[in-house]
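Chain and residue survey
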Protein chains: 2
Amino acid sequence: MKTKYPDPGLNHLKPTKIKTQGMLFENALNITNEYYRIHNRAIIYKKPTPIQVVKVEYPSRNKARIVEAFYRTPSTTDYNGIYRGKYIDYEAKETNNLRFAFKHIFPHQIEHLTKTTEHGGIAFIIIYYKKVDEIYIIDINDFNEFYYDKTREQSISLVLAKEIGILVPQGYTPPIDYLYAVDYYYFKK
Amino acid sequence: MKTKYPDPGLNHLKPTKIKTQGMLFENALNITNEYYRIHNRAIIYKKPTPIQVVKVEYPSRNKARIVEAFYRTPSTTDYNGIYRGKYIDYEAKETNNLRFAFKHIFPHQIEHLTKTTEHGGIAFIIIYYKKVDEIYIIDINDFNEFYYDKTREQSISLVLAKEIGILVPQGYTPPIDYLYAVDYYYFKK
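A brief structural summary. (Residues numbered from 1 in each chain as written. Chains lettered and ligands numbered in written order. Predicted model: local features only at pLDDT ≥ 70, side-chain atom pairs only at ≥ 80, totals over all residues. Heavy atoms only, no water.)

1. Concerning the overall build of chain A
Tallying secondary structure elements over chain A gives 5 helices and 10 strands in all. Among the 189 residues that make up chain A, the fraction classed as buried is 52%. For chain A, contacts bridging at least 24 residues in sequence account for 67% of all contacts bridging at least 6. Counting only carbon and sulfur atoms, one obtains 51% of the accessible surface of chain A, whose full area is about 9,300 Å². (Helix = DSSP H or I, 4+ residues; strand = E, 2+ residues; numbered from the N terminus. Buried < 20%, exposed > 50% of the residue type's maximum accessible area, 1.4 Å probe, protein only. Contact = heavy atoms within 4.5 Å. Areas by Shrake-Rupley, 256 points an atom, 1.4 Å probe, with all protein chains shown as cover.)

2. Here's the deal with helix α2 (residues 107–118) of chain A
Its 12 residues give α2(A) an end-to-end C-alpha distance of 17 Å, which sits within 8% of 16 Å, the value for a rise of 1.5 Å per residue. Within the sequence span of α2(A), burial applies to Q109(A), I110(A), H112(A), L113(A), T114(A), T116(A) and T117(A). Where α2(A) is buried, its residues meet β5 (86–95), β7 (122–129) and α3 (140–147) of chain A together with β1 (42–46) and β4 (79–83) of chain B. Downstream of α2(A) by one or two residues, G120(A) has phi in the positive range, about 95°. (Expected span 1.5 Å × (residues − 1).)

3. Focus: the sheet that holds strand β8 (residues 134–139) of chain A
Residue and element names in this part refer to chain A. The mixed open sheet is built from 6 strands, whose spatial order is β1-β4-β5-β7-β8-β10. Every interior strand has two partners, whereas the edge strands, β1 (42–46) and β10 (166–167), have only one. As paired elements, β8 and β10 share 2 bridges and run antiparallel to each other. By the bridge assignment, I137 is partnered in β10 with I166. (Pairing = 2+ DSSP bridges.)

4. Some points on the sheet that holds β4(B)
Residues and elements named next belong to chain B. One open sheet holds the 6 strands; their spatial order is β1-β4-β5-β7-β8-β10, and the pairing between them is mixed. A single partner strand is all that each edge strand has here, and the edge strands are β1 and β10 (166–167). Note: strand β7 (residues 122–129) against strand β8 (residues 134–139), 6 bridges, orientation antiparallel. Of the residues in β8, the one forming a bridge with I126 is I137. On the sheet, helix α3 (residues 140–147) packs against β7 and β8 and is oriented at approximately 90° with respect to β8. (Axes fitted to C-alpha atoms, helices over the stretch in contact; angles between N-to-C directions.)

5. Digging into the pattern of salt bridges
All names here are of chain A. All chains considered together, the criterion is met by 20 salt bridges over all chains. R99 is paired through a salt bridge with E153; the nearest N and O atoms lie 3.0 Å apart. On the criterion of sequence distance, the pair formed by R99 in strand β6 (residues 99–101) and E153 in the loop between α3 and β9 (155–157) is long-range, its members being 54 residues apart. Taken together, the shared-partner salt bridges in this structure form one network comprising R41, R84, D177 and D183. (Salt bridge = Lys/Arg side-chain N within 4 Å of Asp/Glu carboxyl O.)

6. Considerations on the packing of aromatic side chains
Tallied over the entire structure, the rule returns 31 aromatic pairs over all chains. Among the aromatic residues, those joined into a ring-pair cluster are Y35(A), Y36(A), Y79(A), Y90(A), F124(A), Y178(A), Y185(A) and Y186(A). A cation over a ring is seen here: R84(B) above F187(B), with NZ or CZ 5.3 Å from the ring centre. Its guanidinium or amino end placed over the ring of Y184(B), K188(B) lies 4.7 Å from that ring's centre, counting from NZ or CZ. (Phe/Tyr/Trp six-rings, centres within 6.5 Å; stacked < 30°, edge-to-face > 60°. Lys NZ or Arg CZ within 6 Å of the ring centre and 35° of its normal.)

As C-alpha coordinates, this is what we get:
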(Lines give C-alpha, C1' and ligand atoms only; values in the text may rest on other atoms or scores of the structure.)
Protein backbone atom coordinates (compact mmCIF):
# COMPACT_ATOMS: atom_id res chain seq x y z
CA MET A 1 0.00 0.00 0.00
CA LYS A 2 1.33 3.44 -0.92
CA THR A 3 0.80 6.73 0.85
CA LYS A 4 -0.17 9.95 -0.83
CA TYR A 5 2.39 12.42 -2.12
CA PRO A 6 4.90 13.59 0.46
CA ASP A 7 3.72 17.07 1.32
CA PRO A 8 6.70 19.33 0.57
CA GLY A 9 7.50 18.83 -3.07
CA LEU A 10 4.12 18.10 -4.52
CA ASN A 11 1.91 20.72 -3.00
CA HIS A 12 1.30 22.19 -6.41
CA LEU A 13 -0.80 19.13 -7.05
CA LYS A 14 -3.58 20.14 -4.77
CA PRO A 15 -6.77 20.27 -6.76
CA THR A 16 -7.56 23.57 -8.35
CA LYS A 17 -11.31 23.13 -7.84
CA ILE A 18 -12.30 24.65 -11.13
CA LYS A 19 -11.59 22.23 -13.90
CA THR A 20 -13.48 18.97 -13.89
CA GLN A 21 -16.62 20.27 -12.21
CA GLY A 22 -19.08 21.17 -14.88
CA MET A 23 -17.38 18.90 -17.38
CA LEU A 24 -18.51 15.31 -17.38
CA PHE A 25 -15.84 13.15 -15.78
CA GLU A 26 -15.88 10.72 -18.69
CA ASN A 27 -15.60 13.55 -21.17
CA ALA A 28 -12.65 15.04 -19.28
CA LEU A 29 -10.95 11.63 -19.30
CA ASN A 30 -11.51 11.24 -23.01
CA ILE A 31 -10.00 14.65 -23.68
CA THR A 32 -7.08 13.72 -21.45
CA ASN A 33 -6.46 10.51 -23.36
CA GLU A 34 -6.64 12.37 -26.65
CA TYR A 35 -4.05 14.80 -25.27
CA TYR A 36 -1.81 11.89 -24.28
CA ARG A 37 -2.14 10.36 -27.74
CA ILE A 38 -1.42 13.62 -29.54
CA HIS A 39 1.70 14.08 -27.41
CA ASN A 40 2.57 10.42 -27.92
CA ARG A 41 2.78 9.75 -24.17
CA ALA A 42 0.36 6.83 -24.18
CA ILE A 43 -2.18 5.10 -26.39
CA ILE A 44 -5.28 4.72 -24.27
CA TYR A 45 -8.87 4.66 -25.47
CA LYS A 46 -12.26 4.31 -23.93
CA LYS A 47 -13.93 1.16 -25.13
CA PRO A 48 -17.25 1.63 -26.88
CA THR A 49 -20.36 0.97 -24.80
CA PRO A 50 -21.52 -2.57 -25.62
CA ILE A 51 -24.88 -2.60 -27.34
CA GLN A 52 -26.98 -5.58 -28.34
CA VAL A 53 -28.43 -4.83 -31.74
CA VAL A 54 -31.82 -6.45 -32.33
CA LYS A 55 -33.13 -4.87 -35.52
CA VAL A 56 -31.50 -2.96 -38.34
CA GLU A 57 -33.12 -1.21 -41.27
CA TYR A 58 -31.51 -0.13 -44.54
CA PRO A 59 -33.17 3.08 -45.72
CA SER A 60 -30.47 3.35 -48.36
CA ARG A 61 -27.98 0.82 -49.67
CA ASN A 62 -25.01 1.96 -47.64
CA LYS A 63 -26.57 3.30 -44.48
CA ALA A 64 -27.66 0.88 -41.79
CA ARG A 65 -30.09 2.29 -39.25
CA ILE A 66 -30.45 0.46 -35.95
CA VAL A 67 -34.07 0.64 -34.83
CA GLU A 68 -33.99 -1.69 -31.86
CA ALA A 69 -31.11 -2.26 -29.48
CA PHE A 70 -30.27 -2.55 -25.80
CA TYR A 71 -27.36 -1.65 -23.59
CA ARG A 72 -25.36 -4.65 -22.40
CA THR A 73 -23.24 -5.13 -19.31
CA PRO A 74 -19.60 -4.47 -20.23
CA SER A 75 -17.36 -7.55 -20.11
CA THR A 76 -14.38 -5.59 -18.91
CA THR A 77 -13.56 -2.02 -17.94
CA ASP A 78 -13.92 1.39 -19.53
CA TYR A 79 -10.36 2.12 -20.59
CA ASN A 80 -7.27 0.26 -21.70
CA GLY A 81 -4.12 0.75 -23.71
CA ILE A 82 -0.37 0.97 -23.49
CA TYR A 83 1.84 3.29 -21.43
CA ARG A 84 5.63 3.14 -21.09
CA GLY A 85 5.55 -0.27 -22.73
CA LYS A 86 3.08 -1.63 -20.17
CA TYR A 87 -0.50 -2.71 -20.58
CA ILE A 88 -2.75 -0.34 -18.63
CA ASP A 89 -6.39 -0.94 -17.71
CA TYR A 90 -8.75 1.01 -15.49
CA GLU A 91 -12.33 1.68 -14.57
CA ALA A 92 -13.56 5.24 -13.99
CA LYS A 93 -16.12 5.99 -11.31
CA GLU A 94 -17.60 9.10 -9.84
CA THR A 95 -19.60 9.65 -6.70
CA ASN A 96 -21.74 12.47 -5.33
CA ASN A 97 -21.00 11.30 -1.81
CA LEU A 98 -17.88 11.33 0.31
CA ARG A 99 -17.57 7.61 -0.23
CA PHE A 100 -17.56 5.28 -3.22
CA ALA A 101 -19.75 2.23 -2.51
CA PHE A 102 -18.50 -1.10 -3.86
CA LYS A 103 -21.95 -1.96 -5.19
CA HIS A 104 -21.35 0.56 -7.98
CA ILE A 105 -18.68 -1.56 -9.60
CA PHE A 106 -19.29 -5.02 -11.05
CA PRO A 107 -17.48 -7.92 -9.34
CA HIS A 108 -16.34 -9.20 -12.76
CA GLN A 109 -14.67 -5.83 -13.38
CA ILE A 110 -12.71 -6.19 -10.13
CA GLU A 111 -11.72 -9.69 -11.22
CA HIS A 112 -10.67 -8.42 -14.63
CA LEU A 113 -8.45 -5.73 -13.08
CA THR A 114 -6.97 -8.22 -10.62
CA LYS A 115 -6.14 -10.66 -13.42
CA THR A 116 -4.56 -7.82 -15.36
CA THR A 117 -2.01 -7.24 -12.59
CA GLU A 118 -1.37 -10.98 -12.37
CA HIS A 119 -0.38 -10.83 -16.04
CA GLY A 120 1.96 -7.92 -15.43
CA GLY A 121 -0.29 -5.02 -16.35
CA ILE A 122 -1.11 -1.80 -14.53
CA ALA A 123 -4.66 -1.83 -13.17
CA PHE A 124 -6.52 0.64 -11.03
CA ILE A 125 -9.79 2.39 -10.35
CA ILE A 126 -9.95 6.13 -10.81
CA ILE A 127 -12.55 7.74 -8.56
CA TYR A 128 -13.89 11.26 -8.82
CA TYR A 129 -15.31 12.61 -5.55
CA LYS A 130 -17.47 15.32 -7.04
CA LYS A 131 -18.39 17.04 -3.78
CA VAL A 132 -14.78 18.01 -3.12
CA ASP A 133 -13.65 17.91 -6.77
CA GLU A 134 -10.84 15.48 -6.02
CA ILE A 135 -9.74 12.52 -8.11
CA TYR A 136 -7.72 9.55 -6.88
CA ILE A 137 -6.33 6.49 -8.54
CA ILE A 138 -6.35 3.39 -6.38
CA ASP A 139 -4.30 0.40 -7.44
CA ILE A 140 -6.47 -2.71 -7.71
CA ASN A 141 -4.42 -4.67 -5.17
CA ASP A 142 -4.74 -1.87 -2.61
CA PHE A 143 -8.44 -1.67 -3.45
CA ASN A 144 -8.84 -5.41 -2.96
CA GLU A 145 -7.57 -5.28 0.61
CA PHE A 146 -10.77 -3.44 1.43
CA TYR A 147 -13.03 -4.92 -1.21
CA TYR A 148 -12.54 -8.48 -0.04
CA ASP A 149 -12.53 -7.68 3.70
CA LYS A 150 -16.20 -8.14 4.48
CA THR A 151 -15.67 -7.07 8.09
CA ARG A 152 -15.15 -3.51 6.86
CA GLU A 153 -17.52 -1.02 5.41
CA GLN A 154 -18.06 -1.84 1.71
CA SER A 155 -16.89 1.46 0.33
CA ILE A 156 -13.86 3.70 -0.15
CA SER A 157 -14.36 6.89 1.79
CA LEU A 158 -12.61 10.06 0.73
CA VAL A 159 -10.48 9.74 3.86
CA LEU A 160 -9.43 6.25 2.85
CA ALA A 161 -8.81 7.36 -0.74
CA LYS A 162 -6.43 10.02 0.57
CA GLU A 163 -4.60 7.30 2.47
CA ILE A 164 -4.33 4.51 -0.10
CA GLY A 165 -4.86 6.41 -3.34
CA ILE A 166 -2.76 8.82 -5.34
CA LEU A 167 -4.16 12.28 -5.94
CA VAL A 168 -4.60 13.15 -9.62
CA PRO A 169 -3.67 16.70 -10.64
CA GLN A 170 -6.37 18.59 -12.50
CA GLY A 171 -5.71 21.34 -14.98
CA TYR A 172 -6.47 22.46 -18.50
CA THR A 173 -3.99 20.51 -20.61
CA PRO A 174 -4.81 17.79 -19.90
CA PRO A 175 -7.88 18.17 -17.66
CA ILE A 176 -7.13 15.05 -15.59
CA ASP A 177 -3.41 14.30 -15.60
CA TYR A 178 -3.73 10.81 -14.17
CA LEU A 179 -0.51 9.55 -15.77
CA TYR A 180 1.32 11.83 -13.32
CA ALA A 181 -0.19 9.75 -10.53
CA VAL A 182 0.54 6.55 -12.47
CA ASP A 183 4.19 7.59 -12.76
CA TYR A 184 4.31 8.28 -9.05
CA TYR A 185 2.81 4.96 -8.03
CA TYR A 186 4.08 2.53 -10.68
CA PHE A 187 7.27 4.03 -12.06
CA LYS A 188 8.91 6.01 -9.29
CA LYS A 189 12.48 5.06 -8.63
CA MET B 1 10.91 -9.69 -41.82
CA LYS B 2 10.44 -13.26 -40.64
CA THR B 3 9.98 -16.35 -42.71
CA LYS B 4 7.36 -19.00 -42.12
CA TYR B 5 7.98 -21.99 -39.91
CA PRO B 6 11.00 -24.07 -40.89
CA ASP B 7 9.48 -27.09 -42.56
CA PRO B 8 10.74 -30.07 -40.58
CA GLY B 9 9.56 -29.53 -37.03
CA LEU B 10 6.34 -27.69 -37.55
CA ASN B 11 4.62 -29.66 -40.24
CA HIS B 12 1.88 -30.58 -37.82
CA LEU B 13 0.80 -26.98 -38.11
CA LYS B 14 -0.49 -27.35 -41.60
CA PRO B 15 -4.14 -26.33 -41.65
CA THR B 16 -6.59 -29.10 -41.00
CA LYS B 17 -9.15 -27.64 -43.43
CA ILE B 18 -12.15 -28.46 -41.30
CA LYS B 19 -12.33 -26.09 -38.38
CA THR B 20 -12.86 -22.44 -39.14
CA GLN B 21 -14.80 -22.89 -42.33
CA GLY B 22 -18.46 -22.76 -41.51
CA MET B 23 -17.79 -20.89 -38.29
CA LEU B 24 -17.58 -17.15 -38.58
CA PHE B 25 -13.97 -16.05 -38.28
CA GLU B 26 -14.84 -13.46 -35.64
CA ASN B 27 -16.79 -16.01 -33.66
CA ALA B 28 -13.91 -18.48 -33.80
CA LEU B 29 -11.55 -15.77 -32.56
CA ASN B 30 -13.88 -14.89 -29.71
CA ILE B 31 -14.09 -18.53 -28.65
CA THR B 32 -10.30 -18.71 -28.86
CA ASN B 33 -9.87 -15.67 -26.63
CA GLU B 34 -12.35 -17.10 -24.13
CA TYR B 35 -10.30 -20.30 -24.12
CA TYR B 36 -7.12 -18.30 -23.48
CA ARG B 37 -8.78 -16.44 -20.63
CA ILE B 38 -10.17 -19.59 -19.02
CA HIS B 39 -6.72 -21.16 -19.17
CA ASN B 40 -5.20 -17.90 -17.94
CA ARG B 41 -2.84 -17.65 -20.92
CA ALA B 42 -3.85 -14.16 -21.95
CA ILE B 43 -6.52 -11.56 -21.30
CA ILE B 44 -7.70 -10.45 -24.71
CA TYR B 45 -11.15 -9.21 -25.64
CA LYS B 46 -12.89 -7.99 -28.73
CA LYS B 47 -13.90 -4.38 -28.32
CA PRO B 48 -17.60 -3.67 -28.70
CA THR B 49 -18.72 -2.29 -32.05
CA PRO B 50 -19.02 1.48 -31.67
CA ILE B 51 -22.57 2.70 -32.05
CA GLN B 52 -23.86 6.24 -32.07
CA VAL B 53 -27.06 6.29 -30.07
CA VAL B 54 -29.55 8.89 -31.25
CA LYS B 55 -32.77 8.09 -29.43
CA VAL B 56 -33.59 6.03 -26.36
CA GLU B 57 -36.99 5.13 -24.94
CA TYR B 58 -37.78 3.90 -21.44
CA PRO B 59 -40.69 1.47 -21.65
CA SER B 60 -40.07 0.64 -18.00
CA ARG B 61 -38.04 2.39 -15.33
CA ASN B 62 -34.96 0.25 -15.52
CA LYS B 63 -34.90 -0.84 -19.14
CA ALA B 64 -33.60 1.54 -21.76
CA ARG B 65 -34.55 0.71 -25.33
CA ILE B 66 -32.51 2.24 -28.11
CA VAL B 67 -34.82 3.07 -31.03
CA GLU B 68 -32.43 4.99 -33.26
CA ALA B 69 -28.72 4.46 -33.63
CA PHE B 70 -25.99 4.14 -36.24
CA TYR B 71 -22.78 2.20 -36.62
CA ARG B 72 -19.67 4.33 -36.25
CA THR B 73 -16.19 3.85 -37.65
CA PRO B 74 -14.03 2.20 -34.99
CA SER B 75 -11.27 4.45 -33.60
CA THR B 76 -8.87 1.58 -33.18
CA THR B 77 -8.78 -2.15 -33.88
CA ASP B 78 -10.95 -5.13 -33.04
CA TYR B 79 -8.93 -6.79 -30.30
CA ASN B 80 -6.54 -5.86 -27.54
CA GLY B 81 -5.30 -7.08 -24.20
CA ILE B 82 -2.28 -8.45 -22.39
CA TYR B 83 -0.12 -11.49 -23.15
CA ARG B 84 3.09 -12.52 -21.37
CA GLY B 85 3.15 -9.10 -19.72
CA LYS B 86 3.00 -7.30 -23.08
CA TYR B 87 0.28 -5.18 -24.57
CA ILE B 88 -1.15 -6.92 -27.63
CA ASP B 89 -3.33 -5.35 -30.30
CA TYR B 90 -4.58 -6.68 -33.62
CA GLU B 91 -7.10 -6.33 -36.38
CA ALA B 92 -8.83 -9.39 -37.83
CA LYS B 93 -9.64 -9.57 -41.53
CA GLU B 94 -10.95 -12.22 -43.84
CA THR B 95 -11.00 -12.44 -47.60
CA ASN B 96 -12.78 -14.59 -50.14
CA ASN B 97 -9.96 -14.03 -52.59
CA LEU B 98 -6.38 -15.20 -52.69
CA ARG B 99 -5.29 -11.69 -51.73
CA PHE B 100 -6.19 -9.21 -49.02
CA ALA B 101 -6.63 -5.73 -50.52
CA PHE B 102 -5.38 -2.81 -48.42
CA LYS B 103 -8.54 -0.84 -49.08
CA HIS B 104 -10.34 -3.15 -46.63
CA ILE B 105 -8.47 -1.79 -43.65
CA PHE B 106 -8.69 1.81 -42.46
CA PRO B 107 -5.46 3.86 -42.65
CA HIS B 108 -6.02 5.03 -39.05
CA GLN B 109 -6.05 1.40 -37.95
CA ILE B 110 -2.66 0.85 -39.58
CA GLU B 111 -1.41 3.98 -37.81
CA HIS B 112 -2.80 2.76 -34.50
CA LEU B 113 -1.03 -0.59 -34.85
CA THR B 114 2.20 1.10 -35.89
CA LYS B 115 2.08 3.43 -32.87
CA THR B 116 1.43 0.43 -30.67
CA THR B 117 4.75 -1.13 -31.65
CA GLU B 118 6.50 2.21 -31.16
CA HIS B 119 5.26 2.11 -27.56
CA GLY B 120 6.55 -1.43 -27.07
CA GLY B 121 3.42 -3.42 -27.79
CA ILE B 122 2.80 -6.39 -30.05
CA ALA B 123 0.73 -5.43 -33.09
CA PHE B 124 -0.32 -7.41 -36.12
CA ILE B 125 -3.05 -8.14 -38.60
CA ILE B 126 -4.55 -11.61 -38.65
CA ILE B 127 -5.88 -12.56 -42.07
CA TYR B 128 -8.13 -15.48 -42.89
CA TYR B 129 -7.89 -16.63 -46.51
CA LYS B 130 -11.20 -18.43 -46.67
CA LYS B 131 -10.69 -20.07 -50.05
CA VAL B 132 -7.78 -22.14 -48.75
CA ASP B 133 -8.84 -22.05 -45.07
CA GLU B 134 -5.49 -20.65 -43.96
CA ILE B 135 -4.85 -17.99 -41.37
CA TYR B 136 -1.71 -15.87 -41.04
CA ILE B 137 -0.58 -13.25 -38.62
CA ILE B 138 1.48 -10.47 -40.17
CA ASP B 139 3.43 -8.15 -37.89
CA ILE B 140 2.51 -4.54 -38.58
CA ASN B 141 6.08 -3.52 -39.41
CA ASP B 142 6.36 -6.31 -41.98
CA PHE B 143 2.94 -5.32 -43.29
CA ASN B 144 4.01 -1.68 -43.57
CA GLU B 145 6.89 -2.51 -45.89
CA PHE B 146 4.27 -3.38 -48.48
CA TYR B 147 1.50 -1.06 -47.34
CA TYR B 148 3.59 2.07 -47.76
CA ASP B 149 5.35 0.96 -50.92
CA LYS B 150 3.02 2.41 -53.55
CA THR B 151 5.06 0.90 -56.37
CA ARG B 152 3.75 -2.50 -55.37
CA GLU B 153 0.35 -4.03 -55.66
CA GLN B 154 -1.81 -2.76 -52.79
CA SER B 155 -2.63 -6.11 -51.29
CA ILE B 156 -1.17 -9.09 -49.47
CA SER B 157 -1.49 -12.15 -51.65
CA LEU B 158 -1.62 -15.60 -50.10
CA VAL B 159 1.83 -16.22 -51.55
CA LEU B 160 3.17 -13.12 -49.83
CA ALA B 161 1.40 -14.02 -46.56
CA LYS B 162 3.18 -17.39 -46.63
CA GLU B 163 6.45 -15.53 -46.99
CA ILE B 164 6.13 -12.72 -44.45
CA GLY B 165 3.40 -14.07 -42.18
CA ILE B 166 3.23 -16.80 -39.58
CA LEU B 167 0.78 -19.62 -40.15
CA VAL B 168 -1.81 -19.99 -37.39
CA PRO B 169 -2.69 -23.54 -36.36
CA GLN B 170 -6.39 -24.36 -36.42
CA GLY B 171 -8.03 -26.94 -34.23
CA TYR B 172 -10.85 -27.45 -31.79
CA THR B 173 -9.46 -26.15 -28.51
CA PRO B 174 -8.90 -23.38 -29.30
CA PRO B 175 -10.24 -23.04 -32.87
CA ILE B 176 -7.59 -20.48 -33.92
CA ASP B 177 -4.44 -20.89 -31.84
CA TYR B 178 -2.87 -17.61 -32.89
CA LEU B 179 -0.81 -17.24 -29.71
CA TYR B 180 1.24 -20.17 -31.00
CA ALA B 181 2.20 -17.98 -33.95
CA VAL B 182 2.70 -14.98 -31.64
CA ASP B 183 5.09 -17.04 -29.52
CA TYR B 184 6.97 -18.07 -32.62
CA TYR B 185 7.34 -14.56 -33.99
CA TYR B 186 7.64 -12.40 -30.88
CA PHE B 187 8.95 -14.67 -28.14
CA LYS B 188 11.13 -17.29 -29.78
CA LYS B 189 14.57 -17.60 -28.27
